[in-house]
Amino acid sequence: MLADLTAGAVEDAEARASERPLAVVEAAALAYAPARDALAALAPSDRVKIIAEVKRASPSRGDLADIPDPALQARLYEQGGASTISVLTEGRRFKGSLADLEAVKASVSLPVLRKDFIATEYQVLEARAAGADLVLLIVAALDQDVLARLHALTLELGMTPLVETHSAEEVDRAADLGARLVGVNARDLSTFQLDKDLFGRLAERIPADAIKIAESAVLVPADVAHYRAAGADVVLVGEALVTNDPLATLAAFLEAGT
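What this report covers is the structure whose coordinates are included nearby. (Residues numbered from 1 in each chain as written. Predicted model: local features only at pLDDT ≥ 70, side-chain atom pairs only at ≥ 80, totals over all residues. Heavy atoms only, no water.)

## A few points about the pairing of strand β5 (residues 112-115)
Part 1: Here β5 shows two buried faces, one formed by V112 and R114 and the other by L113 and K115.
Part 2: Relative to β5, strand β4 (residues 84-88) runs parallel, the two being bridged by four bridges. Note that in β5 the partner of L88 across the bridge is K115.
Part 3: After leaving β4, the chain enters helix α5 (residues 98-107) and then returns to the sheet as β5, a path that is right-handed. (Buried < 20%, exposed > 50% of the residue type's maximum accessible area, 1.4 Å probe, protein only. Helix = DSSP H or I, 4+ residues; strand = E, 2+ residues; numbered from the N terminus. Pairing = 2+ DSSP bridges. Right-handed = clockwise from strand over helix to strand, strands pointing away.)

Have a look at this one:
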């Protein structure tokens, strides 16, 4: 599944590159205003912080929410106390787009994460050109040389890489990069099976100077409390916020993470 999603995302990026060449995207990326400081926004505190996600669909659950106005959804997240906004930009299975990211970026003052299956320099550059402040890099989808190259490019462009892991070996690979934002996804992207206890097993392996992010399987306040007790500085929440009242849900999740 992960290989298919990544291949599809790269194919779609290549199609965009035929319309908007690399040199044009690079110029736009370099001309964009400096990225917002995600490390400061997500820095550990006495309560959990939340990355709130604009997410219409997923391969595991199908359609989740229509979200005709992603900017409005993001403003509700900011109003509700989220620290960062994540925008799914993958179009085939998640029904997102870079236009969603651009709309969100223009409507909030929080850092904005491009969440996609990124495997090429073009995708990193177009993320910055669209206003992304953070870029998701999935360790399982990339060999170490490519991961290191994309991680370095993300930093060079002033963005923050969120390095996503799903095993001890992947956490070690993230540590080798010097990653400052390390996520543990409870969902195995090869099988889409969930393991809510995986974060707790891997948390101590994450370097002490990195911000620890728990991803997936966050549906009720008890899930936030579970991750917080296991050492999460941040939780990333998508489905629960698009299928429920986002303000009430954020309030309950933030309370659970104290």
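Read on, since the account is not over.
## A short note on the side chain of S58
Part 1: Looking at the secondary structure, you find S58 in strand β2 (residues 57-58).
Part 2: Within the structure, the side chain of S58 is placed 3.0 Å from the backbone nitrogen of R61, a separation counted as a polar contact.
Part 3: Among all residues touching S58, those that are not within four sequence positions of it are R93 and F94. (Polar contact = N/O pair within 3.5 Å; in protein donor to acceptor, adjacent residues only side chain to side chain. Contact = heavy atoms within 4.5 Å.)

## Observations concerning the nonpolar core
Burial of nonpolar side chains together is a common tendency in soluble globular proteins.
Part 1: If you look at the biggest cluster of nonpolar residues, it comprises 70 residues, and the most contacted ones within it are I50, Y77, I85, V104, Y227, V235 and V237.
Part 2: The element contributing the most residues to this core is helix α6 (residues 121-129), with five residues.
Part 3: Look past the residues within four positions of V104 in its chain and what remains in contact with it is V54, P70, A71, A74, I85, V87 and V112.
Part 4: Core analysis: the second largest hydrophobic core is formed by 21 residues, I138, L162, L189 and I213 among them. (Core = buried A, V, L, I, M, F, W, Y, C linked by side-chain atoms within 4.5 Å.)

## Overview of the packing of helix α2 (residues 22-31) against α6
Part 1: One can describe the packing of α2 onto α6 by two numbers: an axis separation of 8 Å at closest approach and a directional angle of 45°. What the angle tells us is that α2 and α6 run oblique. Helix-helix and strand crossings are classified by hand; for α2 and α6 the assignment is left-handed. Between α2 and α6, the contacting residues are L22, V25, E26, A28 and A29 on the first element and Y122, L125, E126, R128 and A129 on the second.
Part 2: Its residues assigned to classes, the contact of α2 with α6 shows seven nonpolar, no polar and three charged. (Axes fitted to C-alpha atoms, helices over the stretch in contact; angles between N-to-C directions. Parallel < 35°, antiparallel > 145°, perpendicular 65-115°, else oblique. Left-handed = near helix turned anticlockwise from the far one by under 90°. Nonpolar A, V, L, I, M, F, W, Y, C, P; charged D, E, K, R; others polar.)

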